[in-house]
Amino acid sequence: MYQTKPVAPERLPAFLRSLPKAELHIHIEGSLEPELIFALAARNGLTLPHASVEDLRQAYAFHDLQSFLDIYYAGASVLLFEQDFYDMARAYLQRAAADNVLHAEIFFDPQTHTARGVSIETVLNGLHRACQDARSDFGISASLILCFLRHLSEDDAFATLEQALPFRDKFIGIGLDSSELGHPPEKFARVFARCRELGFRLVAHAGEEGPPAYIWSALDVLHVERIDHGVQCVQDSALMQRLARERIPLTVCPLSNMKLRVYRQLSQHKLWQLLGAGIFATVNSDDPAYFGGYINDNFVQTFAATGLGAQHGLTLARNSFEASFMDEAEKRACLQRLEQAVEGFE
Ligand code: HPA
Ligand code: ZN
C-alpha cells in the first residue's frame, strides 16, 4: 500500500507537489506576505517604516531566530481588526490548498496582538471564521493552536489562557514559540499542566536553536505530544532512540532552518538522518512569507539538495496525517486520498 512506483528524477518535484499532505507547523503571522502588510497598513491608515514591498522584502535577511522574530513581530503590527485576521488566514489557506494541503493545524500568537490592545476575541473570531470558510471554499480543513510567547513570563501566559478560555471552542491546542535560548520549556510547567487538565492538545518548539535538553523537558515536564522543529536531537543518540521508539512527531521546517542559519545550506539539513533513524518527521513551512517558500517549496528544495527520493516523500506525507490531531476517521480519509494520488501519478 505505501510503496511508490519508481519516479524518474525529473518527475520528482511534480510527484512531491502532487502528494496530499497536512501542514502542522505554520505560524499564521508568518504567512503575512509583504503585499498584504502594505494593503492592511493602507486600509488601517498606518505608515510603515519601509517605502515599498520590495524595500520590506529586502529587510528579510536573518542571521538567527531573534533577528527574524524582531521583523516578524513588526510585520504583525498592521493586524488590527477581525477582518485583517480573516484575510491573512484566508490567503494562507487558499495558498496551502494549492499545494495539496488537505489539513492545516495553525499556530497563532495572541500576545503579539493583545500587547497592542487588540482583543483575543478579535483575533480568534477572524482566524476561526477563515478556517470554517476554507472548508467549503478551498476544500481544506484547519484548526488553531494558541502559542504562548516564551520570552514573556508564565504569569503572562496564564493571563492569556484566561482571556482565551471563553472562546475555547475555537482552538484545539496550546504551543510554545518565540525566543528559545534562555527560555526552557520548564519555565511554563504550571501553565502547561493547567492546559493539559483542560484537555488541550499540547505541542512546543524545542531543539530549533536550543539544546536536546529542551526536547527532553518539553516531553517530560510539559508532556507535549509533538515537538516543533526538534532537529537538535541529532546531538543526543539516546533522545533520537526515544523519539523513534515512542513515535513522537517532529514538525521539521527545512527552509526556516536554512534562513535562520541552523544550517548554512539546505544540503546540510538532517532530515535524511532523522528519517533513517526511524523518527516520525514531517515537513512544514513555519513562516512561509519570510523564509521564501510554502510547504511544497520546502519539499522540492530539500529533496533536491539532499537527495531524498519518492519513497521518502510518501513517508513524510503519510506522517503528516498520522501526526495530526484529526480524529481517526478523518485521518483514514486523508490517507486514502494519498494512496489514490500515488496510484494515479503518471
Ligand atoms: N521559532 C520560534 N518562534 C517562532 C518561529 C520559530 O521558528 N516562527 C514564528 N515564531
Ligand atoms: Zn515555528
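In this text the structure is predicted, and so the values were computed from the model without any measurement.

A.B. asks: Break down the site of ligand 1 for me, with residues and values.
C.D. replies: Every residue lining ligand 1 is accounted for by His27, Leu65, Phe68, Leu69, Tyr72, Asp177, Ser178, His205, Glu208, His229, Asp286 and Asp287. Aspartate 287 is positioned with one of its side-chain polar atoms (N or O) 2.7 Å from a nitrogen atom of ligand 1. Among the elements that make up the shell around ligand 1, the one with the highest residue count is helix 4 (residues 65-75) (four residues). Across the shell around ligand 1, the residue classes break down as four nonpolar, four polar and four charged.

A.B. asks: Any chance you could break down the coordination of the zinc ion (ligand 2) for me, citing the residues and the numbers?
C.D. replies: For the zinc ion (ligand 2), the protein coordination sphere consists of His25 (NE2), His27 (NE2), His205 (NE2) and Asp286 (OD), at 2.0 to 2.2 Å. Here the zinc ion (ligand 2) binds four donor atoms, and the angle range of 81 to 174° at the metal identifies the geometry as irregular. All donors to the zinc ion (ligand 2) come from one chain, and their sequence spacing reads H-x1-H-x177-H-x80-D. Here histidine 25 is found in strand 1 (residues 21-27), whereas its partner aspartate 286 is found in the loop between strand 8 (281-283) and helix 14 (288-291), with 261 residues between them in sequence. You'll find histidine 25 and aspartate 286 in the same group, each marked buried.

A.B. asks: How would you summarise helix 11 (residues 237-245) if you had to cite specific residues and measurements?
C.D. replies: Of the residues making up helix 11, those classed as buried are Leu239, Met240, Arg242 and Leu243. Taken around the axis of helix 11, the buried residues stretch over an arc of 165°, which confines them to a single face. Exposed and facing more than 90 degrees away from the buried side of helix 11 are Ser237, Gln241 and Arg245. For helix 11, the elements touching its buried residues are helix 10 (212-220), strand 7 (250-252) and helix 13 (271-276). The backbone nitrogen of alanine 238 has a side-chain oxygen 3.1 Å away, supplied by the residue at the start of helix 11, namely aspartate 236. Among the residues trailing helix 11, arginine 247 stands out with phi positive, at a value near 50°.

A.B. asks: Mind laying out the sheet that holds strand 8, listing which residues take part and the relevant values?
C.D. replies: Backbone hydrogen bonds are what pair the strands of a sheet, in a parallel or an antiparallel way. Pairing is parallel in the open sheet, where eight strands are placed in the order 1-2-3-4-5-6-7-8. The open sheet has two free edges, formed respectively by strand 1 and strand 8, since each of these has just one partner strand. Averaged over all neighbouring strand pairs, the angle between strand axes comes to 25°, with direction disregarded. Of the strand pairs in this sheet, strand 4 (residues 173-177) and strand 5 (residues 201-206) are connected by two bridges, and their pairing is parallel. Counterpart to isoleucine 174 in the pairing with strand 5 is leucine 202.

A.B. asks: Which residues make up the pairing of strand 1, and what are the values?
C.D. replies: With seven of seven residues buried, strand 1 lies mostly within the body of the structure. As defined by bridge partners, strand 1 adjoins strand 2 (residues 101-108) across five bridges and the pair is classed as parallel. Looking at the pairing, alanine 22 lines up with histidine 103 of strand 2.

A.B. asks: Which residues make up the environment of proline 211, and what are the values?
C.D. replies: Along the chain, proline 211 turns up in the loop between strand 5 and helix 10. Residue classification places proline 211 among the partly exposed residues on the basis of a relative accessible area of 31%. Each C-alpha atom of the pair proline 211 and leucine 181 lies 8.4 Å from the other, and the pair is 30 residues apart in sequence.

A.B. asks: Now, about the pairing of strand 4: what can you tell me, with residues and values included?
C.D. replies: Within a regular beta strand, the side chains point alternately toward one face of the sheet and then the other, so they alternate between its two faces. Along strand 4, five of the five residues are buried, which leaves the element largely enclosed by surrounding structure. Both faces of strand 4 are covered, namely the face carrying Gly173, Gly175 and Asp177 and the face carrying Ile174 and Leu176. Strand direction decides the pairing type here: strand 3 (residues 141-149) and strand 4, joined by five bridges, are parallel. Within strand 4, the residue paired with isoleucine 145 across the bridge is glycine 173.

A.B. asks: If you had to explain the pattern of salt bridges to someone new, which residues and values would you point to?
C.D. replies: Summed over all chains, the structure comprises 16 salt bridges. A salt bridge links arginine 242 to aspartate 220; the shortest N-O distance between them is 2.9 Å. Of this pair, arginine 242 sits in helix 11 while aspartate 220 sits in helix 10, placing them 22 residues apart in sequence. Via salt bridges that share partners, Glu33, Glu35 and Arg57 belong to a single interconnected network.

What counts, and where the lines are drawn
- Residues numbered from 1 in each chain as written.
- Chains lettered and ligands numbered in written order.
- Predicted model: local features only at pLDDT ≥ 70, side-chain atom pairs only at ≥ 80, totals over all residues.
- Heavy atoms only, no water.
- Near = heavy atom within 4 Å.
- Polar contact = N/O pair within 3.5 Å; in protein donor to acceptor, adjacent residues only side chain to side chain.
- Helix = DSSP H or I, 4+ residues; strand = E, 2+ residues; numbered from the N terminus.
- Nonpolar A, V, L, I, M, F, W, Y, C, P; charged D, E, K, R; others polar.
- Donors = N, O, S within 2.8 Å, 3.2 Å for Na, K, Ca; no water.
- Tetrahedral: all angles 85-135°; square planar, octahedral: opposite > 155°, others 65-115°.
- Buried < 20%, exposed > 50% of the residue type's maximum accessible area, 1.4 Å probe, protein only.
- Arc of directions from axis to C-beta.
- Contact = heavy atoms within 4.5 Å.
- Pairing = 2+ DSSP bridges.
- Axes fitted to C-alpha atoms, helices over the stretch in contact; angles between N-to-C directions.
- Salt bridge = Lys/Arg side-chain N within 4 Å of Asp/Glu carboxyl O.

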